[in-house]
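Inside the fold
These are the residues of each chain, in order.
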Amino acid sequence: MAADHTSKVVGTVWGLLVLNTLGSAGAKTIIPLPRSLIQMVTMGALVAAFALALAVNLRLRIRASAYLFLLTLLLVPSVISSADLESGFGALFRCARLALFVGTLWLLSRWWDGGLTFVRHHIRMYFAVLGSVAAGLLVSPGAAMPELYGGRLVGALWPLTPPQIGQYAAVIIGLTVLLVLGRRTDKAGAAVVIVPSLILLALTHTRTATLGLFIGLALAIGSLILTSAAARRFFTWAVLCAAVAAVGFASALQAWFLRGQSKENFSNLTGRAKVWDALLAAPRTTAEKVFGTGLGDKSFGGLPIDNSWLAVYHEQGLTGVALVAAIIIVLGGVALLRPPSLQRACAIFLISYCAIASYTEAGLGDASPYLLHLAVAASLLAAPAAATPLPTPDVPRRRVPRRARISEVP
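Computed from a predicted model, the values in this text were never measured in an experiment. (Residues numbered from 1 in each chain as written. Predicted model: local features only at pLDDT ≥ 70, side-chain atom pairs only at ≥ 80, totals over all residues. Heavy atoms only, no water.)

**A look at the overall build of the protein**
Quick reminder of the rule: Secondary structure follows DSSP: runs of H or I at least 4 residues long count as helices, runs of E at least 2 residues long count as strands, and numbering of each begins at the N terminus. Contacts are residue-level and defined by heavy atoms, with any inter-residue pair within 4.5 Å sufficient. Only the protein chains shown count as covering a residue, and every accessible area follows the Shrake-Rupley method with a 1.4 Å probe.
Helix and strand counts for the protein come out as 18 helices and two strands. Counting only contacts in the protein whose residues sit at least 6 apart along the sequence, the fraction spanning at least 24 positions is 76%. Element-wise, carbon and sulfur atoms account for 69% of the exposed surface of the protein, whose accessible area totals about 20600 Å².

**Quick notes on a positive patch on the surface**
Defined as follows: For patch building, the residue pool is restricted to those with more than 30% relative accessible area and no salt bridge; the joining distance is 9 Å between like charges and 5 Å between nonpolar side chains (Val, Leu, Ile, Met, Phe, Trp, Tyr). Whenever Lys or Arg places a side-chain nitrogen within 4 Å of a carboxyl oxygen from Asp or Glu, that contact is recorded as a salt bridge. The sign given to each residue is positive for Lys and Arg and negative for Asp and Glu; His and the chain ends receive no count. All charge positions are set by atom: Lys at NZ, Arg at CZ, Asp at CG, Glu at CD. Only protein chains enter the area calculation, which uses a 1.4 Å probe; residues under 20% of their type maximum are buried, those over 50% are exposed, and those in between are partly exposed.
On the surface, a cluster of positive charge is made up of R183, K187, R232 and R233. Taking the relative accessible area as the measure of exposure, R233 reaches 48% and is therefore partly exposed.

**Structural notes on unusual backbone geometry**
A positive phi angle, near 55°, is found at L60, a position not held by glycine. Checked against the element boundaries, L60 lands in the loop between α2 (35–55) and α3 (66–82).

**Observations concerning the packing of helix α5 (residues 117–139) against helix α8 (residues 187–204)**
Applicable threshold: Here an axis means a line fitted to C-alpha atoms, over the contact stretch when the element is a helix, while the angle between two N-to-C directions is reported on a 0 to 180 degree scale. Each angle gets one of four labels, with under 35 degrees taken as roughly parallel, over 145 as roughly antiparallel, 65 to 115 as roughly perpendicular, and the rest as oblique. Left-handed describes a crossing whose near helix is turned anticlockwise from the far helix by less than a right angle; the clockwise case is right-handed. In this classification, the charged set is Asp, Glu, Lys and Arg, the nonpolar set is Ala, Val, Leu, Ile, Met, Phe, Trp, Tyr, Cys and Pro, and all remaining amino acids, among them Gly, are polar.
For the pair α5 and α8, the least separation of the axes is 11 Å and the interaxial angle reads 55°. With respect to α8, the axis of α5 lies oblique. The element α5 and its partner α8 pack so that their crossing is left-handed. The residues of α8 that touch α5, namely those facing I123, F127, L130 and L137, are V192, V193, S197, L200 and L203. When grouped by side-chain class, the residues that make up the contact of α5 with α8 number eight nonpolar, one polar and no charged.

**Some remarks on the packing of aromatic side chains**
The cut-off we apply is this: Stacked, edge-to-face and tilted are the three classes for Phe, Tyr and Trp ring pairs, Trp counted by its six-membered ring, which pair at centre distances within 6.5 Å; planes under 30 degrees apart are stacked, over 60 edge-to-face, the rest tilted.
Counting across every chain of the model gives four aromatic pairs. On the numbers, 5.4 Å between centres and 65° between planes, the contact of W276 with Y359 is edge-to-face. In this pair, W276 is assigned in helix α13 (residues 272–281) and Y359 in the loop between α16 (342–357) and α17 (369–381), connecting sequence segments 83 residues apart. Overall, W276 belongs to the buried group, its relative accessible area being 9%. Between F349 and Y353, the aromatic rings sit 6.3 Å apart at their centres with planes inclined by 40°, giving tilted as the arrangement. Here Y353 and F349 lie together in helix α16, a separation of four residues that amounts to about one turn.

Listed below in structure tokens is the structure:
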């Protein structure tokens, strides 16, 4: 009973971390929510998550984790660059948030045992978030697909942008497909998750999430082909269906992918390239190049950066870029060295998805869903906890008379 209670608390902590990383910026909701109220809820969720994690881990038992160690090191350039207040007091507040976020993950690392527990927590929590998106679409289709976003699906109950919704949908679709292939869930239950999530992903018109889903799944399933007949069958059918779709629905797929944009707008990544060029051309001191300008809102000149590497370079400098690269390389290297398994496939999917999304989405240098995805990957790659040997009772030896011992010798 105590173990079941602890598992529920850990799941609650994970849900609170998911809530904290939803953010406060997005589309207009059906019921207007003040940004200050949303920030209060998200920060309150993080504080509650840390408190609950501490309550179930009062002895501060943690597991060694290269991922969490590198995240902790990432705090160093964040604090150094934010200390001069060039980005305002908000930078120090974001540093405190990141420290609390990483601290909560350290407390949860006690339960990182290479199992699928956190995969299931991840799917449940983000499916609940997508449920709120679907509810908003049913209640007010106009608010859920506004012209401001080109008719793309947004969060009408909680302010969520199309890329956010696409990301959540793609991640839980990929993880659920892998659970089905590994026979860790039934097909009917998986369909309840996969089908609505695919519909929501299609309505967001999010190219990055779609590519990340397909490429991540291809790599993950590829790691299972030699050991899983189900993976081989799924891969074969997926390739055939993709070939048929490419031939029969080429024009429809192209229209969906372009989203009505001109080729010029598409080539510069919807204006992202202009922001990136301006960021790289901006003059910087040596300290700013090494440690960045401090944690901010991932924007430059009032425009979103939408690239994790450039956002980290801007806010945490080359030191931050090196640490984030080390995180991806270490997790990817450990995953490749593991023997084929469902856990390894899920980790490969999450790592590859985050690496692909990092090109057009920011978040690898601060508390974000991407760090939660990588935390799940780290929990999957953790070695199972060594079983503690049971203490043997100290049984006193029976004294055998000398005459009896002599008689036993042949």
